[in-house]
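# Structure at a glance
So the chains spell out like this:
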Amino acid sequence: MYNQKLNERIYSKLEHALKIYEKYIYEPVGALADTEGLTTFEHLRSVPAEGFAPIAPGRVWGSEWENLWVRGRFTVPQALAGKKLYAVSNCGGVEQLFFINGVPKGLFNTKHRDFIGGSHASQYIGEFEAGDTFELAFECYAGHFCVDTSPYDNYDYPDIPAPSYAHTYNGVEICTRNDDLFTLIFDLREIVNAAEHMPSNNFLGARAKNLIRKLGDVLVLYPKHASKEEFDESIKAALALTRPFFRGGNSRIFGKAGVIGHSHMDTAWLWPVNETIRKCARTYANAMHLMEQYPEYKFIQSSALHSEWMKDYYPAIFEEMKKRVAEGRYEPNGGVYVECDCNITSGELMVRQFLKGQQFTRENFGYTADSFWLPDTFGYNGNIPQIMRGSEVKYFYTTKISWNEQNKFPFESFTWRGIDGSEVLTHFNRTHCWPDVDDLPAAINDITLKDTTDMRLVAYGYGDGGGGPTPGMIETARRSASLEGMPEVENMTISAFMKELETQQAELPVYNDELYLELHRGTLTQMHNVKRKNRKAELALRDMEYFHVLVGKKITEAQDKRLKTLLKNQFHDILPGTCITPVYDVYNEEMDRVLADYAADTAADIEALVKPSENYTAFNTLSFDRNDAVVIEGAKGYAKNYPSQKYTDVCGRSLLAVGGVAIPAFGSRVIETADAPVKAASPFTYDGTRLETPFAEIWFDENGYISSYVDKATGRQLRKTGGAPLNVLLFGEDVPKDTASIPER
């Protein structure tokens, strides 16, 4: 007989049973033996050969930035021959890189045994014969303090207790897995999801509720009170009910969800760049290890720099990446060197981002990216489609515009038309979710214009050191692809998804504007010195390359590395100013060195072009004629044939300004020197209240404020009627909610 209240209690019991059952998935059958430990602040890239000392459970370790290395051995007894073995680490630390026989194979990122949720709490080791011995190793990171990205998070800093980074080493368990229970748990997870989240007009939810009632009759809900035999029989009886539930087929009438594993990886943010290198190693090793276990699994990795780090620091991971790229399962598709800022970065350096990104993937993977993958940048300027098309990239992905504060963007798939008319197919995909019965239908239901497309890409997995997808997520994707009443689910690369979406492009709307983000506007204004050094480096790069061409020099390997440093520092959290202080300590050192090296290279080229004399040569490195003031630092005397004036600027530099120097495009002019300045009429007139220049007419009131400013070229009055004078400084309290934002009022 139907009883709604009773059914709800059964659903609740099953949800609790999931948490209880996960304790029984992995059964310890041994422990790592001959364990040794080593602590260091150095980032080692492979298991150290020496420096270890015996380590026993109960050992407390850890201080800020510190690492504990653990290694040990296990010899397989006859009873475990041919069985799949797993490791459960109790070494401690916020993240661990896991090695099998010296090869990186994945990560652990939790101290808690969350085997079905978002944590990587166990790792597959393999199957072995009796007598085989394998070595496991773990690089465990204690953590670091993060204070300065949200002003209110640590209001009393530095007058707060020092955080503890202490962890306790409690050994490593060698386990077998109860595969029947593992299968049942993920069956139950999706059945409960279907019962809770499917709409009432979809009978999948109703079927799930009916099945849950039946499961309540056969499952042991409190395993402590049952024998192992009773518990095992209960699992088998439950599987006989759950397995047929996942033998249906999806229907395209509900739309199509393309799914792929991903881990959004900030090149720096709440951690410095050198920690990101290790986050990449843990995450990418884990992706490859999952591919060994799940043949359908695919993974998208953007940012060519991150692949370059693997090549330089973790060659075993890089070789495995190359193998999986060749199989079409590991997709190095993002187009650029790093996921860069797209507002402050110059057009030329945007081109270089694509140049270095495509160059690396072509040379190392034989792969040319066709997609610009940029989920997290703070807005996208209207020149991007033109630059993309010139870089053989015709697809654009992002998720960030969905964060708009005021206006919801009107669609998720469209043709984006740039300023020059270039067009790229654009899709707003989903991230930070599961490929499950809850999130996949939600992604399809959110499509605004369902008469234009029925497709949505879901990139699932945990980012920024979270390690990407878990085995449970892949198990969930398998079940989602085998359920009636669900959208069609396909494991596919982002390139394949766009190629299929392209068949619907004629029906898609066209968007003809920049993709402006109505949020995080502080990224455009704060930390001006970071932005200033970037712009100075962009200009210095151009000057260096211009003079290299004049003297016939080729770019050196050192100069290419310098360019890559500049590109790295245009990452979308570094350049906008949203990282922690240690990131900018390194940034300032690197950018000061870049600027000094560019200046030295340029000076050496100019010395080769210009013979020593008392005169000065001014170069116009631009593609149009110029007639500007030429400013010379530390000049002796004055200009012989041009009006000139000496002054000291706010930085205390002694400068000579020379006017009327016309220089043709890509040309130069010699400025001869004299002991006295040329007498010439001033282009400025001032009568005490009115100043006239060649460009503007300016009026001052009795207090010295600018009461009127008229641009002569247009006749435009720049002071607002009734507004404050133009040279009044207005300021107020500036406490945004985080470093990416501006104050709300």
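One can find the structure itself at the top, above this paragraph.
Residues numbered from 1 in each chain as written. Predicted model: local features only at pLDDT ≥ 70, side-chain atom pairs only at ≥ 80, totals over all residues. Heavy atoms only, no water.

## Some points on the pairing of strand 5 (residues 67-75)
- Summarising burial for strand 5: seven of the nine residues are buried, a large majority.
- Both strand 2 (residues 33-40) and strand 5 contribute to a ladder of six bridges, which runs antiparallel. Note that in strand 5 the partner of L38 across the bridge is W69.
- In the sheet, strand 5 pairs with strand 10 (residues 133-141) via nine bridges, with the strands oriented antiparallel. From the neighbouring strand, T75 faces strand 10, where its bridge partner is T133. (Buried < 20%, exposed > 50% of the residue type's maximum accessible area, 1.4 Å probe, protein only. Helix = DSSP H or I, 4+ residues; strand = E, 2+ residues; numbered from the N terminus. Pairing = 2+ DSSP bridges.)

## Comments concerning the sheet that holds strand 34 (residues 706-711)
- Read from one edge to the other, the open sheet built from five strands follows the order 31-32-33-34-35, with strand pairing classed as antiparallel. Here the strands that pair on one side only, and so sit at the sheet edges, are strand 31 (685-686) and strand 35 (716-717).
- In terms of strand pairing, strand 31 meets strand 32 (residues 690-692) through two bridges, oriented antiparallel. Residue pairing for strand 32: Y686 is matched across the bridge by L691.

## Some details on helix 7 (residues 315-327)
- In a regular helix each residue adds 1.5 Å, so 13 residues correspond to 18 Å; helix 7 covers 19 Å between its end C-alpha atoms and thus fits that length.
- For helix 7, the full list of buried residues reads I317, F318, M321, R324 and V325. In a view along the axis of helix 7, the buried residues occupy a sector of 125°, so they form one face of it.
- Packed against the buried residues of helix 7 are strand 8 (103-108), helix 5 (273-293), helix 6 (304-313), strand 15 (330-331) and helix 8 (347-365). (Expected span 1.5 Å × (residues − 1). Arc of directions from axis to C-beta. Contact = heavy atoms within 4.5 Å.)

## Quick word on the pattern of salt bridges
- Going through the model one piece at a time under the given rule, you end up with 54 salt bridges.
- Notably, a salt bridge pairs D592 with K533, separated by 3.0 Å at the nearest N-O pair. Placement of D592 in helix 15 (residues 581-609) and of K533 in helix 13 (residues 528-551) is noted, with a sequence separation of 59 residues between them.
- Linked through salt bridges whose partners overlap, the residues forming this network are E95, E139, E275, R278, K279 and R282. (Salt bridge = Lys/Arg side-chain N within 4 Å of Asp/Glu carboxyl O.)

## Some words on the side chain of E66
- Following the sequence through the fold, E66 ends up in the loop between strand 4 (59-61) and strand 5.
- One buried charged residue, E66, remains without a salt bridge, the closest side chain of opposite sign being R59 at 6.6 Å.
- Ignoring anything within four residues of it in the chain, the contact list for E66 reads T39, T40, F41, W61, C140, Y141 and A142. (Lys, Arg positive; Asp, Glu negative; His and termini not counted.)

## Remarks on the packing of helix 2 (residues 179-197) against helix 11 (residues 471-480)
- It is the contact of helix 2 with helix 11, at a shortest axis distance of 10 Å, that shows an interaxial angle of 60°. Judged by the angle between their axes, helix 2 and helix 11 are oblique. Crossing of helix 2 over helix 11 shows right-handed handedness. Touching F182, T183, F186, D187, R189 and E190 of helix 2 are G472, E475, T476, R479 and S480, all from helix 11. (Axes fitted to C-alpha atoms, helices over the stretch in contact; angles between N-to-C directions. Parallel < 35°, antiparallel > 145°, perpendicular 65-115°, else oblique. Left-handed = near helix turned anticlockwise from the far one by under 90°.)

## Looking at helix 6
- Counting buried positions along helix 6 gives seven out of 10 residues, so the element sits mostly inside the fold.
- All of the buried residues along helix 6 are A304, L305, H306, S307, E308, W309 and M310.
- Lining the buried residues of helix 6 we find helix 5, helix 7, helix 8 and helix 14 (557-568).

## Some remarks on the sheet that holds strand 6 (residues 84-89)
- One open sheet accounts for four strands, arranged 1-12-6-9; its pairing is antiparallel. Looking at the sheet topology across the chains shown, the edges are occupied by strand 1 (26-31) and strand 9 (123-127). Taking the axes of each pair of neighbouring strands and ignoring which way they run, one obtains an average angle of 40° across the sheet.
- Bridge count for strand 1 against strand 12 (residues 172-177) is five bridges, and the pairing is antiparallel. When the sheet's bridge partners are listed, A31 is paired in strand 12 with E173.

## Details of the nonpolar core
- Ranked by internal contacts, the top residues of the largest apolar core, which has 138 residues, are M310 and F372.
- The residues touching M310, leaving out its near neighbours within four places in the chain, are I277, C280, A281, Y284, P315, I317, F318 and M321.
- Counting 25 residues, the second largest nonpolar core, distinct from the first, contains I55, A87, F138 and I174. (Core = buried A, V, L, I, M, F, W, Y, C linked by side-chain atoms within 4.5 Å.)

## Examining the environment of L80
- Its place among the elements puts L80 in the loop between strand 5 and strand 6.
- Look at L80 and you get buried, because its relative accessible area is 6%.
- Separated by 399 residues in sequence, L80 and R479 place their C-alpha atoms 30 Å apart.
- If we ignore the near neighbours within four places in the chain, the residues touching L80 are V29, F74, L85, F128 and T176.

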